[in-house]
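As a plain string of letters, each chain reads:
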Amino acid sequence: MAPAPTTTTATSSLSLLSPAELSYLHTSLSLSPPIRPDSRKPTQFRPLTAELDILPSTHGSSRVIWPDGGECIVGVKAEVEKSLPDATTTKRVEVSVEVAGARDDDPLAVFLSSSVNDILGQKLAGRLEIGERWHWKLYIDILLLTPPISHPSTLLSLGVHLALRVTNLPRLISAADEDPLFSDDWDAALPLYPAASAAVGDVPAITLLVAAVGENVFFDPTREEMAVADCVLAVSVDYDGRKVVKRIVRECGPVGREVFESLESIVKAG
């Protein structure tokens, strides 16, 4: 899926580089091995800052700051909802994205809400069962405080991933066939994604921004790299790297796994 345009698209960045600079950058990225402006390897990500459980009134939350200044805050809330016989499970997760300074119906916010909802898919909905007749409904609220210069897809997906990983739900103390009754002890709450799930890769999917220049593929491209790229894709990938496109599948798997391992270290440290 190609990323939607933002207020700071690759097209607008063209005005910041002269034709000679664009040509030089395209040539350096086309080399074998390629030379990136910041000396990173093709599969290397820029460092980011992440905080967990920053919102006390939520079941899980995170704050992620991207190296180019992009910042988002994610909050997850849950409520009990009765299961209907013919209702689709995808409606058990509701995603809302607010872009600071933009209208609620801003095209970027609508696109990002749909994208985040799509990558979570049925795997998350299947975790929300409560007994036989009830389920949890999750509300994932994302505030994009500062859109990154490149594109916010990866920023938001990492923020949602971390918020869901630290989401805890009250422990069920009633029988499966009874109306749900939960423990008042918050210390007894159960994680939505237990440690055992992470050990087998059963965690929320993420979105990687990928740029191609010639025969080379670059992860986490900068604005300048996107300006000269032949193709830019936002690729959703689960832990096993299965949901990817053609040649990118060979690199999205291991790179995605490295990102998951980094996120796991953040969760353990938090």
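Coordinates for the structure precede this section.
Residues numbered from 1 in each chain as written. Predicted model: local features only at pLDDT ≥ 70, side-chain atom pairs only at ≥ 80, totals over all residues. Heavy atoms only, no water.

Engineer: Could you clarify how one ought to interpret the nonpolar core in this entry?
Structural biologist: Counting 53 residues, the largest nonpolar core has Leu-120, Ile-140, Ile-142, Leu-156 and Leu-164 as the members making the most contacts within it. Per-element tally for this core: the top contributor is helix 4 (residues 153–165), with seven residues. Ile-142 has contacts with Ile-73, Val-74, Val-95, Ser-96, Val-97, Glu-98, Val-116, Leu-156 and Val-160, leaving out every residue within four places of it along the chain. Grouped together as the second largest cluster of nonpolar side chains are 13 residues, Leu-22, Leu-25, Val-213 and Ala-229 included. (Core = buried A, V, L, I, M, F, W, Y, C linked by side-chain atoms within 4.5 Å. Buried < 20%, exposed > 50% of the residue type's maximum accessible area, 1.4 Å probe, protein only. Helix = DSSP H or I, 4+ residues; strand = E, 2+ residues; numbered from the N terminus. Contact = heavy atoms within 4.5 Å.)

Engineer: Teacher, can you tell me more about helix 2 (residues 19–30) here?
Structural biologist: Owing to its 3.6 residues per turn, the α-helix brings residues three or four apart onto one side. Here helix 2 spans 16 Å end to end across twelve residues, near enough to the 16 Å set by a 1.5 Å rise per residue. Along helix 2, the positions that sit buried rather than exposed are Leu-22, Leu-25, Ser-28 and Leu-29. Projected down its long axis, helix 2 shows its buried positions confined to an angular sector of 135 degrees, all on one face. Exposed residues pointing more than 90 degrees away from the buried face of helix 2 are listed as Pro-19, Ala-20 and Tyr-24. (Expected span 1.5 Å × (residues − 1). Arc of directions from axis to C-beta.)

Engineer: How should the pairing of strand 4 (residues 93–99) be read in this particular structure?
Structural biologist: A regular strand places its side chains so that they alternate between the two faces of the sheet. Residue alternation in strand 4 divides its side chains into a buried set, Val-93, Val-95, Val-97 and Val-99, and an unburied set, Glu-94, Ser-96 and Glu-98. The pairing of strand 4 with strand 6 (residues 134–146) spans seven bridges and is classified as parallel. Its bridge partner being in strand 6, Val-99 is matched across the sheet by Leu-144. (Pairing = 2+ DSSP bridges.)

Engineer: Is there a simple way to think about unusual backbone geometry in this case?
Structural biologist: Omega for the bond connecting Ser-32 with Pro-33 falls within 30 degrees of zero, at 0 degrees, which places this linkage in the cis form. For Pro-33, the location among the structural elements is in the loop between helix 2 and strand 1 (49–52). Of note, Ser-39 is a non-glycine position whose phi angle comes to about 70 degrees, a positive value. Take Ser-39: it is sitting in the loop between helix 2 and strand 1. Residue Asp-220 is not a glycine yet carries a positive backbone phi of 50 degrees. Considering the arrangement of structural elements, one finds Asp-220 in the loop between strand 10 (216–219) and helix 6 (223–228). For Asp-220, a relative accessible area of 4% puts it in the buried group.

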